[in-house]
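Structural overview for review
Here are the chains, one letter per residue:
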Amino acid sequence: EAGVVQSPRYKIIEKKQPVAFWCNPISGHNTLYWYLQNLGQGPELLIRYENEEAVDDSQLPKDRFSAERLKGVDSTLKIQPAELGDSAVYLCASSPSPGGTEFFGPGTRLTVL
Amino acid sequence: AQSVAQPEDQVNVAEGNPLTVKCTYSVSGNPYLFWYVQYPNRGLQFLLKYITGDNLVKGSYGFEAEFNKSQTSFHLKKPSALVSDSALYFCAVRGTGGYNKLIFGAGTRLAVHP
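What about the pattern of salt bridges?
This model, assessed by the stated rule, comprises eight salt bridges over all chains. Of the charged contacts, one joins Asp57(A) and Lys62(A) as a salt bridge, the two residues approaching to 3.8 Å between their closest N and O atoms. A salt bridge links Glu102(A) to Arg94(B); its shortest N-O distance comes to 2.5 Å. With Glu102(A) in the loop between β9 (88-95) and β10 (103-104) and Arg94(B) in strand β10 (residues 87-95), the pair connects residues from two separate chains. For the pair shown, Glu102(A) and Arg94(B) are each scored as buried.

Points about the sheet that holds strand β7 (residues 65-68) of chain A
All names here are of chain A. Judged by pairing direction, the sheet is antiparallel, and its four strands sit side by side in the order β1-β3-β8-β7 without closing on themselves. One side of each edge strand has no neighbouring strand; the edge strands of this open sheet are β1 (5-7) and β7. Averaged over neighbouring strand pairs, the angle between their axes works out to 15° when direction is ignored. In this structure, strand β3 (residues 19-24) lies alongside strand β8 (residues 75-79), joined through five bridges in antiparallel fashion.

Re the packing of aromatic side chains
Residue and element names in this part refer to chain A. Across all of its chains, the model carries 16 aromatic pairs over all chains by this definition. Ring centres of Tyr-35 and Phe-104 lie 5.3 Å apart, and the angle between their planes is 45°; this geometry places the pair in the tilted category. Of this pair, Tyr-35 sits in strand β4 (residues 31-37) while Phe-104 sits in strand β10; the two residues are 69 residues apart in sequence, bridging distant segments of the chain. Look at Tyr-35 and you get buried, because its relative accessible area is 0%.

Here's the deal with the environment of Val27(B)
All names here are of chain B. For Val-27, the location among the structural elements is in the loop between β4 (24-26) and β5 (31-38). Expressed as a C-alpha distance, the spacing of Val-27 and Ile-103, which sit 76 residues apart in the sequence, is 9.9 Å. Setting aside residues up to four positions removed in sequence, Val-27 forms contacts with Gln-2, Val-93, Arg-94 and Gly-95.

Conventions and cut-offs
Residues numbered from 1 in each chain as written. Chains lettered and ligands numbered in written order. Predicted model: local features only at pLDDT ≥ 70, side-chain atom pairs only at ≥ 80, totals over all residues. Heavy atoms only, no water. Salt bridge = Lys/Arg side-chain N within 4 Å of Asp/Glu carboxyl O. Helix = DSSP H or I, 4+ residues; strand = E, 2+ residues; numbered from the N terminus. Buried < 20%, exposed > 50% of the residue type's maximum accessible area, 1.4 Å probe, protein only. Pairing = 2+ DSSP bridges. Axes fitted to C-alpha atoms, helices over the stretch in contact; angles between N-to-C directions. Phe/Tyr/Trp six-rings, centres within 6.5 Å; stacked < 30°, edge-to-face > 60°. Contact = heavy atoms within 4.5 Å.

Here it is in structure tokens:
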């Protein structure tokens, strides 16, 4: 069974530029999560989707971050414009149902210069 | 509020010796507890979880964890460490009674020396 797929794996951009991350969850997993992992810390939830609906986006900085999951499968997380403090690893995870075991992708390491 | 504490930034163990990585938690209601491992430049890999039942949970790669309700702990253990176990380990907790998000500890780096 294929795991959670993320791309790109690494991204280097200059501040004020836009950036987007893509995630394909495990087949059949209706719940999708985006996490932020800063260096030396555990992941923190940014947003959770149930199918195509964002049911918990309370931790998403909505002034510059946006996310979508239009068809309830793939998801995209966008930052516009990026700031130096956005340098981190962005992890995508999926689970078969809300509260189920979450399985993580390899992450996208973002560096903002 | 939910929280997780991993009191050790790093644990050093000699290969072949038993290892313990500590985790304590605070949550309302009964906890769902998880351990994940992260290798360099990789995502988190699920190791094991406690939902209910037997306090000793067995997981992947020979790891196990013991749930202790009175001490609100969920320590990760392995009887004989391997050099390949060297990685970053995260404990996570989710409260019950409606949906609650997964809260992660800061992680513990395990270094197994030959």
